[in-house]
Amino acid sequence: MGFVRVHHDVQEYEVFARKTRLEPLRQVGAVVAPDDELAMAYARATYDEERWVEMMIVPKAAVIQLWAPGEAEA
Amino acid sequence: MESSNSAAFEGLLKRGELIESVSEMTPDYLRELKHTLIVSGDTELISAPAYYLAARKAPSVNAFMTGIAIIQDELAHAHIAYHILEELGESQEALIFKRDPKAFRYPYAFDVPLESWTELVVANAMYDQAGFCLLGDIHEQCSYGPWKRGLVKVMAEENFHLRNGRNWSKRISQAGGAAKEELQRAVDWMFPLTVEWFGLPDNLKQHSAQLDYRLKGLTNDQLRPQWLSTVVPFMASIGIQVPAHQENSHYVLDYPFPSTFDAEAKRWDFNDPCTWDDVLSRWRARGPRNAEMVALFQESFSKFLPQRGREISLQQRIWSALAQIDDPEMPINLVDLGVVYGVALEGRTVRVRLTFTAMGCPASDMIIGDIRERLLAEPGVDEVAIDVVWDPPWSSSRMTVEGREALRAWGLSV
């Protein structure tokens, strides 16, 4: 889904992180930014609630959904 | 199709499952969810300028940095709510930067300025405690998955704000003398304002769809005592008076609720009880600093716009031109109606991606004609190409808040 910003074309990025090496990555939120660099800065500043051992962002457009909640049960 | 969808939705809700996407929701649920998110996002957002004005009075650099860290948290919390709204079809920029200050939906308390470090830490100890009660309830009960998960971060950080408020209140009280007197004065006006935060008593309140939809789990009359049961004993433990006391297992206010508040003097008149209608009209009129608080973030945005150079200005002019074109049948412009999906510039050609509210819409030719005529009048535009698209299909959730208000004022229920 495209989001409206006055100045730029923007895209949405999913933010993934984990606190320890033992736990799996989980989605901690999302940011909307015009480019990867700014998206990284936004992710770092917005999701700073933990001392993460790992953090990564993925453009939402790159995520391929196989099925959504509800579809597998149907 | 509508009824099978809504039966499936009722089933999910009854089984205590989480709702994950707009396609699973009924329009009523979507509307209540958005309303609840707007109140939450607005409250987090407005706390940033309110706290900032007071943080500048911090007694040390360390204290100032704690204040700034709290403000940064509040902005991130606002982002969580507004981004979810964005995923539900609202424009984040329009919500934050283009709404009238009076249209923001946050507790009245934030319209009364925090003017000292002492008032800021009392806000951390009492306002953030109120936020903790309200958001904790949503975090536990909320039926919308993305929000429930987003609140994990929020709850952890609100706890830190609360600790900051309590540690500093204790420290100031122990200092005694004029410092303690200032603390007592802050609690005197802020305590009853935070009690009001929880809204009308249940018996005066209209039936709450938020409870039916499990957007929250507790009523006003359940949340208010929860707050009292943490704040009253804490204040007693640091030797600060509050107008409430414990009776058996519950807490009782020592003043008529509601009472009259003089916002300019920051003074309650407990000898002058008032009605809830009086309180509602005070809330509706907003408090002394409403416009100033909202201007703190809206003004810098509007100053930022002209600095961005020419390459974006045509794009901007096209959007404002489209916002001047009304739907032929209703008093709402095309942008607020949410039928413009995109604008692209190819040299001097403008390409507009457009949908209609329904296939075979009788006004569609008229709308296309209006767009072409209006955009050709814009300097720099020689050609207008309009691509009519049906995917994703339009739904009322694509309307902006302003659009919806315009239609409501016109008498349409949206």
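Residues numbered from 1 in each chain as written. Chains lettered and ligands numbered in written order. Predicted model: local features only at pLDDT ≥ 70, side-chain atom pairs only at ≥ 80, totals over all residues. Heavy atoms only, no water.

Topic: the overall build of chain B
To be explicit about the condition: Counting from the N terminus, the helices are DSSP H or I runs at least four residues long and the strands are E runs at least two residues long. When a residue's accessible area, from a 1.4 Å probe over protein chains only, is under 20% of the maximum for its type it is buried; when over 50% it is exposed; and in between it is partly exposed. Here, residues are in contact when the closest pair of their heavy atoms is within 4.5 Å. All accessible-area figures derive from a Shrake-Rupley calculation using a 1.4 Å probe, and residue coverage is judged against the displayed protein chains alone. In this tally, Lys and Arg are treated as positive and Asp and Glu as negative; His is ignored, and so are the chain termini. Taken as the charge location is NZ of Lys, CZ of Arg, CG of Asp or CD of Glu.
Counting its secondary structure elements, chain B contains 15 helices and 7 strands. For the C-alpha atoms alone, the extent of chain B along its principal axes is close to 75 × 50 × 40 Å. In chain B, buried positions account for 52% of the 414 residues. Considering only contacts in chain B between residues 6 or more positions apart, those separated by 24 or more positions represent 71%. In the structure as shown, chain B presents an accessible area of about 18,900 Å², 53% of it carried by carbon and sulfur atoms. Taken together, the 41 basic and 57 acidic charged side chains of chain B have centroids lying 4 Å from each other.

Concerning the domain arrangement of chain B
Quite often, the size of an interface is put as the accessible area lost when its parts meet. Residues and elements named next belong to chain B. Selection criterion: Throughout, the edges of the domains are those of an automatic or database domain assignment. By convention, the term buried area covers the 1.4 Å-probe accessible surface removed from two parts as they join, with the contributions of both added. Should a side-chain nitrogen of Lys or Arg be within 4 Å of a carboxyl oxygen of Asp or Glu, the pair is scored as a salt bridge.
Per the domain assignment, the segments making up chain B are domain 1 (2-297) and domain 2 (309-410). For domain 1 versus domain 2, the distance between C-alpha centres works out to 37 Å. On the domain 2 side, the residues contacting the 10 residues of domain 1 number 9 residues. Both faces combined, the contact of domain 1 with domain 2 buries some 620 Å², and carbon together with sulfur accounts for 49% of it. Arg404 is the salt-bridge partner of Glu90, the closest N and O atoms lying 3.4 Å from each other. Considering every element that reaches the side of domain 1 that touches domain 2, the biggest residue donor is helix α2 (residues 27-55), with 4 residues.

Here we look at the pattern of salt bridges
Counted according to the given criterion, the structure contains 26 salt bridges over all chains. Measuring nitrogen to oxygen at the nearest pair gives 3.6 Å for the salt bridge that ties Glu12 of chain A to Lys60 of chain A. Within this pair, whereas Glu12 of chain A is found in strand β1 (residues 11-18), its partner Lys60 of chain A is found in the segment after β3 (54-59), the two being separated by 48 residues in sequence. The exposure class assigned to Glu12 of chain A is buried, which follows from its relative accessible area of 6%. A salt bridge links Lys60 of chain A to Glu14 of chain A, with the shortest nitrogen-to-oxygen separation between them at 3.4 Å. Of this pair, Lys60 of chain A sits in the segment after β3 while Glu14 of chain A sits in strand β1, and the two are 46 residues apart along the sequence. Owing to a relative accessible area of 32%, Lys60 of chain A belongs among the partly exposed residues under this scheme. One salt-bridge network, held together by shared partners, links Glu115, Glu119, Lys266, Arg289 and Glu292 of chain B.

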